[in-house]
Each structure stands twice: as structure tokens, then as C-alpha cells.
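Observations on chain architecture
Here are the chains, one letter per residue:
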Amino acid sequence: MKRGRGAMQKRVSALRELRRLLSMSEFPPVEAALKAGAISILVQCLSFGSPDEQLLEAAWCLTNIAAGKPEETKALLPALPLLIAHLGEKSSVPVAEQCSWALGNVAGEGEDLRNVLLSQGALLPLARMMLPNKGSTVRTAAWALSNLIKGPDPKAAVELMKVDGVLDAIIRHLKKADEDLATEVAWVVVYLSALSNLGSSLLVKRDILQILVERLETSNSLQLLIPVLRTLGNLVAGDSHTISAILIPGHEITDNIIMVLIKCLKCEHRVLKKEAAWVLSNIAAGSIEQKQLIYCSEVVPLALRFLSTAPFDIRKEVAYVLGNLCVAPATGDGKPTLVLDHLVSLVGRGCLSGFIDLVRSADIEAARLGLQFIELVLRGMPNGEGPKLVEGEDGIDAMERFQFHENQDLRTMANSLVDKYFGEDYGADE
């Protein structure tokens, strides 16, 4: 049966009308469209051999449906194999890009749908879309990939590392691309560095740290700086061998990393301040040489100031930095060894009251951090002056509120410190 162009045009205008309705920002009629059987019609419109205009409009409708509520996104299951099939080389660029956008929305919905997409083979064609230097296509593919590999299962991240040419492409885009594209690629790198040790070490071998530092030095885009900083933190927190080989005192890259982190600590953006403090706390948790690097830098005066003046989430992060500077990795008995000169100097510069404030907070993690620091002061300050210092800052009072606390760890920790250092003999010889 011959069919004229008229029928096709009608179908395309109907699709376009549906797409416009589904693009309404306030209340798109997704539910009504699903009830009316839109998915099976859209799947038919995606059949191979359909004109590009029709494919594009159908994929666009599916993209908008996928952006809806979880159950609306799940309605796309029957369309996934065709959306994935249209990512291939035979498709036109706009169609492939629109299909990857729809799949990115589906992947963003949750782990179950990510697993369906992975089992249907979505990873490889999306990864191949990263290889050329076509700005918007790469950007959409990178965004969809970051949703697809975000875990918690690291399998997809590990798979992505193995795709031929992907690492080179990632490095190239991060280095050269405009900020919008680099931002989406940077999120892919966040998940690679968080989920795969192999990924981290391969990236480090390709000089990723140099590229991240350059971006941090030159960019003012918050959108880009957040994933770049997060990646830097993942790399520092990850494989200690990799990092010990890079963060060597006196190396230019080491100084540059510390410098860009200080730049972020000083900036106005709360998120960047917090991320930078987190990265610094990971470096401060490293070797004695790495502690020394942080200790001798401008980080310490900034951290001391933030500990008493910054919003709570930042106070907590800088407390980790300062606390980590005062301890070396634990020895046999499980108690961390003190870095005494750091402890004495930081207590002398007034940080104890900030830690005691954390003990008073409702946040369990912060309270534990405060108690751990009090323990260091009580155990470590020379000439047994620890208990007097803690008492002088109302530390006993802060610890006593844990006497009947529901968290057993904190209760035991606080009670045993009070008993050990402020038992009945305390102050008797004065």
C-alpha cells in the first residue's frame, strides 16, 4: 500500500503538539498521556526507517515523560530498547542526542532502572558518543553517562574505563572544552574516581591532577568547580600509594594543589568552602610529611577562624582538618599517636573551645569529633595541664550531658573521660 507524505506530516504535527503539551513547565499532562496509551504509539513512531523528524519528536516526548514522577519514568520500559538502538552510528546526530537525553532521565531515576539500561547495553553507545569533539552531543552523552554509572555498584564505572578511547576523550574534554561541556565530563570523572581504584590510578597516570588544578585556578564557574573539587577529594581520599607518589613536599603540583584549595577556602561560596575543607582534611589525614604541608600553610589560620565563625557544616569540616593534623595513624592499642607539637600549638591558638562547642551540638558525628579532640588534650598536653584547660572551657559540663545519651558509643566515651580525668581525686592536691 502506497502512503503519501501527507500522512507522515500529520503524524509529525500530532507528535509536535504532544511534545509541546508535555513541555509545559507548570503541569505537563503526563498522566493523561500515559492513560491514553502514548507510550505504545511513541514506540511505534521510533521504529527503524522512520523519518528523522518523526524520530526526533517521539524521542523528545519520551524525554519529557521520563522527567516526570518515578512511576511515569518507569512507564518508559517498553521504549528503552529502541531508544538505545537509536544511539548507534546509523542515527542522525540530533536523534542520537535526543535519545541519550531521554535515557539520562531514566538513569537518573534510580538504581533499578540503571540496571535495566546496563543490561540492555546502553553503556557502550553512550561512551562512544563521548569520543568526537561535537560539543552538545558530548555534553548530553556525558550527562547521561554520569547518571548511568553513579552506582552504588561500581560495575558500570569499571566497564566505562575499559571502552576504547574513552579515557583519552575524557582528558581531552576536561582540558580543552568550554565550561559547560567540561562540567558534564567532570561529573563522569567524579563517579569514576569514587567507584573505581583502577579508574583513579589510570586517571592519575594521565595527569588528571594537573588538569583539575588548572581548572580550579582559572575558572569561576561554580557548576564546574564543584565536580572538579569533588574529584580531587576522591583521588586524595582513595588509593594512598597513588597520592603519596604525587603529594610530595617541594613538588610544584603539590604546592599548586594546596594553593587552589586555599583559594576555594577563601571564596564566598559555602559549597566550595566545604568541599575544599573536606579535601584538605583528607590530605591532613595522610603521612607526617603531608600533615606538615598543611600545618605550615595558610590553611591553619583560616581553619582556626572558621572553627569559631563559620556555618556549622563548614565548622565540622575544618574540625576534621585540625584534628587530623594532631594525630598520626593508630598504633597497636588502637589509640592514635599524638603529633604533640601540632596539638600544643593549635590548643595555644585557641581551638579547644570550638571543639567543645561541637560536643554540645545535636550532630552525632560532630559530637564524636569534639570528644576525640578533648581526649587528645586530656591525654597529651604536657605537664598534665589538659584537664585544667578542658575545665576552663566548660568541657566537663559539655561531656556530662552524655551521661544518659541514647548513643552508646558517645555515652561510653564521654563517661570514661570524665571518670578517668575528673574522678574523685581531681583537684584534691591543689
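Right above here is the structure, for reference.
The following refers to the structure shown.

Cut-off values and rules
Residues numbered from 1 in each chain as written. Predicted model: local features only at pLDDT ≥ 70, side-chain atom pairs only at ≥ 80, totals over all residues. Heavy atoms only, no water. Helix = DSSP H or I, 4+ residues; strand = E, 2+ residues; numbered from the N terminus. Rg over C-alpha atoms; globule rule 2.2 N^0.38 Å. Buried < 20%, exposed > 50% of the residue type's maximum accessible area, 1.4 Å probe, protein only. Contact = heavy atoms within 4.5 Å. Areas by Shrake-Rupley, 256 points an atom, 1.4 Å probe, with all protein chains shown as cover. Lys, Arg positive; Asp, Glu negative; His and termini not counted. Charge placed at Lys NZ, Arg CZ, Asp CG, Glu CD. Axes fitted to C-alpha atoms, helices over the stretch in contact; angles between N-to-C directions. Parallel < 35°, antiparallel > 145°, perpendicular 65-115°, else oblique. Left-handed = near helix turned anticlockwise from the far one by under 90°. Nonpolar A, V, L, I, M, F, W, Y, C, P; charged D, E, K, R; others polar. Salt bridge = Lys/Arg side-chain N within 4 Å of Asp/Glu carboxyl O. Expected span 1.5 Å × (residues − 1). Disulfide = S-S within 2.5 Å. 1 Å grid on protein atoms, 1.4 Å probe; cavity = no way out; pocket = protein on both sides within 12 Å on 5 of 7 lines; lining within 4 Å. Points joined across faces, edges and corners; volume = space filled by probe spheres on them.

**What to know about the overall build of the protein**
Broken down by element type, the protein carries 28 helices and two strands. Taken against the 2.2 N^0.38 rule, which gives 22 Å for 430 residues, the C-alpha radius of gyration of the protein at 28 Å runs more than 25% over that of a compact globule. In terms of principal-axis extent, the alpha carbons of the protein reach across some 105 × 50 × 40 Å. The buried share among the 430 residues of the protein stands at 51%. Looking at the protein alone, contacts between residues at least 24 apart form 69% of all its contacts between residues at least 6 apart. A total of about 20100 Å² of accessible surface is found on the protein, and carbon and sulfur atoms cover 53% of it. Each charge class in the protein was averaged separately, 44 positive and 52 negative side chains, and the resulting centres sit 11 Å apart.

**A closer look at the packing of helix H21 (residues 299-309) against helix H22 (residues 312-325)**
One way to put it is that H21 packs onto H22 with a least axis distance of 9 Å and a crossing angle of 135°. When the interaxial angle is binned, H21 and H22 end up oblique. In the packing of H21 onto H22, the handedness of the crossing is left-handed. For the pair H21 and H22, contact is made by Val299, Val300, Ala303, Leu304, Phe306 and Leu307 and by Ile314, Arg315, Val318, Ala319, Val321, Leu322 and Leu325, respectively. In terms of residue class, the contact of H21 with H22 is built from twelve nonpolar, no polar and one charged.

**Points about the pattern of salt bridges**
Tallied over the entire structure, the rule returns twelve salt bridges. Note that glutamate 159 and lysine 162 form a salt bridge whose closest N and O atoms lie 3.8 Å from each other. Taken together, the positions of glutamate 159 and lysine 162, both in helix H11 (residues 155-162) and three residues apart, correspond to about one turn of that helix. Taking the shortest distance from any N to any O, the salt bridge between arginine 270 and aspartate 313 comes out at 3.2 Å. Of this pair, arginine 270 sits in helix H19 (residues 270-284) while aspartate 313 sits in helix H22, placing them 43 residues apart in sequence.

**Overview of helix H16 (residues 222-237)**
For H16, built from 16 residues, the straight-helix expectation of 22 Å at 1.5 Å per residue is met to within 8% by its first-to-last C-alpha distance of 22 Å. Of all 16 residues making up H16, twelve are buried, and the element is well covered by its neighbours.

**Remarks on the side chain of glutamate 317**
With respect to the helices and strands, glutamate 317 occurs in helix H22. No salt bridge forms around the buried glutamate 317; measuring N to O, its nearest opposite-charge neighbour lysine 274 is 5.3 Å away. Sequence-distant contacts of glutamate 317, that is, excluding residues within four places in its chain, are made with Lys274, Ala277, Trp278 and Ser281.

**Notes on the state of the cysteines**
A full pass over the atoms with the stated rule returns zero disulfides. With no disulfide of its own, cysteine 61 has cysteine 45 as its nearest cysteine by sulfur position, at a separation of 8.4 Å. Looking at the unpaired cysteine 351, the closest cysteine sulfur is the one in cysteine 326, lying at 6.5 Å.

**Details of the layout of surface pockets**
Reported here for the largest pocket is a volume of approximately 380 Å³. In terms of lining residues, the largest pocket is bounded by 19 residues, among which Pro336, Gln372, Glu375, Leu376 and Met413 are the most central. Of the residues in the lining of the largest pocket, the class split is eleven nonpolar, five polar and three charged.

**Comments concerning the packing of H11 against helix H13 (residues 179-195)**
Between H11 and H13, the shortest axis-to-axis distance is 9 Å and the interhelical angle comes to 110°. When the interaxial angle is binned, H11 and H13 end up roughly perpendicular. Considering only the axes of H11 and H13, their crossing is left-handed. On the side of H11, the interface is formed by Ala157, Leu160 and Met161, while H13 contributes Val188, Tyr191, Leu192 and Leu195. Among the residues forming the contact of H11 with H13, the class breakdown is seven nonpolar, no polar and no charged.

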